[in-house]
Amino acid sequence: MTTATASRPANQQWQIHGRRAFVNNLATVAMYLAFIVAVIPLGLVIWYTIGKGLARFSLGFLTHSMAGVGSNDVNGGVYHAIVGTVEQLLIASAIAVPLGLLVAIYLNEYGGKAFATLVRLLVDVMTGIPSIVAGLFVLAFWVIGLHKGYSGFAGAMALSILMLPVVTRASEEMLRLVPDPLREAAYALGIPKWRVILSIIMPTARTGITTGIMLAVARVMGETAPLLLTAAGTLFINTNPFHGQQEALPLYVFSSAASGTPADVNRAWAAAMTLILIVVLLYVAARLLTRRDALNRR
Amino acid sequence: MTQSTPTIGPGSHRPGPIVTGTPRKARRIEPFRGITMAAAALVLVLLAAIAIFLVAKAIPSLGKDQKNFFFTKVWSPDADPPLFGIAVLAFGTVLSSIIALVIAIPVALGVAIFVVEYAPRRLATWLGYLIDMLATVPSVVYGLWGLIFLVPHIRGFQHFLATNFGWIPLFSDPNNRTSVASRSIFVASVVLAIMVLPVIAAISREVLRQVDPGLKEAALALGATRWEMVRTALLPPSRPGIIGGIMLGLGRALGETIAVALVLGTSFAVSLHILQPGGNTIAANIANYFGEAGKNGRSALIATGLVLFVMTLAVNVVARTVIHRSAVRQGLVK
């Protein structure tokens, strides 16, 4: 600290010259550049989708299906796709949310060391399973294996496989944030463990868990590949998720884009914009919920 | 509602010694515990079932395949006799993923370091969210954008690479096919790079944030510049975690279906000319070929999906283990 032991005089400590200063400045510029480079595609995608989407978007687009609409006709809409997406997401959530919550409760509240570690690893690995593999599994197991054929329900099952690990991990994180004294206080009152979990721990973590579920829904909402193999898509309104092929918003975007006619591509942009709007709304709602969450307030 | 048998531990009224930590002594058959454990076991069953059903439905076509599945470069599983192989697809999958990583890694690392060290404190969290937003855009939207916007707009750049760097075998362009818009492996890789960037950036950011601030302060106290601090104090302890993040990104790139399917379209040839039209991946082939596939075709597609499943499973298990180990080493997880 003293000038006697320091290698340079104290007044020069903050002045770095020559190559080192140059490299440091270069690195700073590189970091800023990396960020800008990363944001450019985001801006382009959003800008292009909204720009192209708004040109075709209308109320009629939301309230009409593609029944009797050719790929060169300029009318038609996404009503059938929205019906399908909503039904499939509701069913997928009905399967994945309770299951994911139970797994999370096991991992955080009950889990023995070895088994819980294994399950946790597998849940993480499941997060990385390509969505098309989930689709292939339901295809092999349900559509072909049990001869059930394509349906919205088959699609929902594939989506639930993708949702399950997300719901589980998010809920586990939230359960972990519940302070231990709360548990101990409840035990001290003589409440059985299952009751403590259901009536005290879960309500405390509720907001955070809700956020996690919304993020999981937003995540699978844009999944196309598994639905392609299971719900298979249609031009018509099919309100019965258990019978017959069903459309979904991402499927609609895919088939319209793949068709390639100008009218279809315009519809694809408008549907993509609808999809992004719903996903962003879900994300914003989830973030707002997080802010109100007592456990996450730091 | 309560258990009828008197027990020790939570739920009992009997006074006892003060139990510290979680009440492990409560060894009794609790129905709710059983339910949650069954749910946890279902995760194992599900993963096993995925493997079993893919194998079961892949076998019929593999049995009928007249050529070696791994080395054949044709795809006509519904022909008589059926001929198909995964060589072209596996090659395209690995090639496009590696190019995507080469593009994405420097940018993603830069972003992570930027958000953790360089960005103004107040903005850092929000800038992090902004990058996370990249991951929220559905892959089909990236596909649509890649096909309609990127393919024509990247033509000039592809042509520039081909004319100026054509001496690199990957960039060579016989017959000058890059002078028109080309739905090439390169474009697909750029789209993939955009999609894996937020994955790598998010994991790296978390890992970098967990580095002991004492290390950074020590480096700065020794007179290191900010970059020298990043290079000597921040990056070395984060390396395993970052590698794990990169592998997760690899897993995502290997399995990405719809964006690649839209950008590449259908073709079936091995080509090292990444700037020229053509190329295909396992996942994209499933999406593009599924509509016209017959019974044997679907089974053959399931066989390729099985290969993809095994590939991504291996990559993910290794990635998660690496991340977990690095977390343990830093004392974050027991």
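No experiment lies behind these values; they were computed from the predicted model shown.

Definitions and limits used
- In every chain, residue numbers begin from 1 and rise along the written sequence.
- Key to labels: chains lettered from A, ligands numbered from 1, both in the order written.
- Thresholds applied to this predicted model are a pLDDT of at least 70 for local features of residues and 80 or more for the giving and counting of side-chain atom pairs; totals over whole chains, interfaces and linings are not thresholded and use all residues.
- A helix here means a DSSP run of H or I that spans at least four residues, while a strand means a run of E at least two residues long, and both kinds are numbered starting from the N terminus.
- Radius of gyration here uses only the C-alpha atoms, and the compact-globule reference equals 2.2 Å multiplied by the residue count raised to the power 0.38.
- Partly exposed residues are those whose C-beta has more than 12 but fewer than 20 other C-beta atoms within 10 Å; 20 or more makes a residue buried and 12 or fewer makes it exposed, with C-beta atoms placed from the backbone.
- The contact criterion used here is simple: two residues whose C-beta atoms, placed from the backbone, lie within 7 Å are in contact.
- Note that the domain bounds were set by an automatic or database domain assignment.
- Three classes are used: nonpolar for Ala, Val, Leu, Ile, Met, Phe, Trp, Tyr, Cys and Pro, charged for Asp, Glu, Lys and Arg, and polar for all others, with Gly counted as polar.
- What a helix should span is 1.5 Å times the count of its residues minus one.
- Values of bend correspond, residue by residue, to the angle between axes fitted over the seven residues ending at that residue and the seven starting there.
- The predictor reports its confidence for every residue as pLDDT, a score running from 0 up to 100.
- Only the contacting stretch of a helix is used when fitting its axis, a line to C-alpha atoms as for every element, and angles between N-to-C directions run 0 to 180 degrees.
- Should an angle lie under 35 degrees it is considered roughly parallel, over 145 roughly antiparallel, and from 65 to 115 roughly perpendicular; all remaining angles are considered oblique.
- Two helices cross in a left-handed way if the nearer one is turned anticlockwise from the farther one by less than a right angle. They cross in a right-handed way if the turn is clockwise.

A. Quick peek at the overall build of chain A. What chain A contains, in helices and strands, is 11 helices and zero strands. Put simply, chain A runs from its N terminus to its C terminus through helices and strands in the order α-α-α-α-α-α-α-α-α-α-α. Over its C-alpha atoms chain A spans a radius of gyration of 26 Å, topping by over 25% the 19 Å that the globule rule assigns to 298 residues. Dimensions of chain A, computed from the C-alpha atoms along their principal axes, are close to 90 × 65 × 35 Å. Burial statistics for chain A: of 298 residues in total, 51% are counted as buried. Relative to all contacts within chain A whose residues are 6 or more apart in sequence, the contacts with residues 24 or more apart total 74%.

B. Quick peek at the overall build of chain B. Across its full length, chain B carries 11 helices and two strands. Seen in sequence order, chain B has helices and strands lined up from the N terminus as α-β-β-α-α-α-α-α-α-α-α-α-α. When the 334 residues of chain B are sorted by exposure, 47% land in the buried category. Across chain B, the fraction of contacts at a sequence separation of at least 24, relative to all contacts at a separation of at least 6, is 72%.

C. Quick look at the interface of chain B and chain A. Taken together, the contact between chain B and chain A spans 74 residues of the former and 72 residues of the latter. In terms of residue count, helix 1 (residues 31-64) of chain B provides more of the side of chain B that touches chain A than any other element does, 16 residues in total.

D. Here's a closer look at the domain arrangement of chain B. Residues and elements named next belong to chain B. The domains assigned to chain B are domain 1 (6-64) and domain 2 (75-329). Between the C-alpha centres of domain 1 and domain 2 the distance comes to 35 Å. On the side of domain 2, 10 residues touch domain 1, which itself brings nine residues to the contact. Of the residues belonging to the side of domain 1 that touches domain 2, the class tally is six nonpolar, one polar and two charged.

E. The arrangement of helix 4 (residues 139-153) of chain B in detail. Residues and elements named next belong to chain B. With 15 residues, helix 4 ought to run about 21 Å at 1.5 Å a step, and its terminal C-alpha atoms sit 19 Å apart, in line with that. Taken as a whole, helix 4 carries its principal kink of about 40° at Gly146. With respect to burial, helix 4 is a largely interior element, 11 of its 15 residues being buried. Among the residues of helix 4, Ser139, Val140, Val141, Tyr142, Gly143, Leu144, Trp145, Gly146, Leu147, Leu150 and Val151 are the ones counted as buried.

F. Quick peek at the confidence of the model for chain B. Residue and element names in this part refer to chain B. Across chain B, pLDDT averages 84, with 90% of residues at or above 70. Model confidence for chain B, summarised as mean pLDDT per element, is weakest for strand 1 (residues 75-76) at 83 and strongest for helix 2 (residues 87-118) at 93. Taken over the whole predicted complex, pTM reads 0.86, whereas the ipTM for its chain interfaces reads 0.87.

G. Up close: the environment of Gly297 of chain B. All names here are of chain B. When you line up the elements, Gly297 lands in helix 11 (residues 295-329). Here the alpha-carbon distance between Gly297 and Ser76, two residues 221 residues apart in the chain, equals 7.8 Å. Those residues in contact with Gly297 that sit more than four places away from it in its chain are Pro77, Asp78 and Tyr289.

H. Expanded view of the packing of helix 6 (residues 152-177) of chain A against helix 8 (residues 193-221) of chain A. Residues and elements named next belong to chain A. At a minimum axis separation of 8 Å, helix 6 and helix 8 run at an interaxial angle of 150°. On the basis of their axis angle, the class for helix 6 and helix 8 is roughly antiparallel. Crossing of helix 6 over helix 8 shows right-handed handedness. Facing Leu159, Leu162, Met163, Val166, Val167, Ala170, Ser171, Met174, Leu175 and Leu177 of helix 6, the residues of helix 8 in contact are Ile201, Ala205, Gly208, Ile209, Gly212, Ile213, Leu215, Ala216, Arg219 and Val220. For the contact of helix 6 with helix 8, a count of residues per class yields 16 nonpolar, three polar and one charged.

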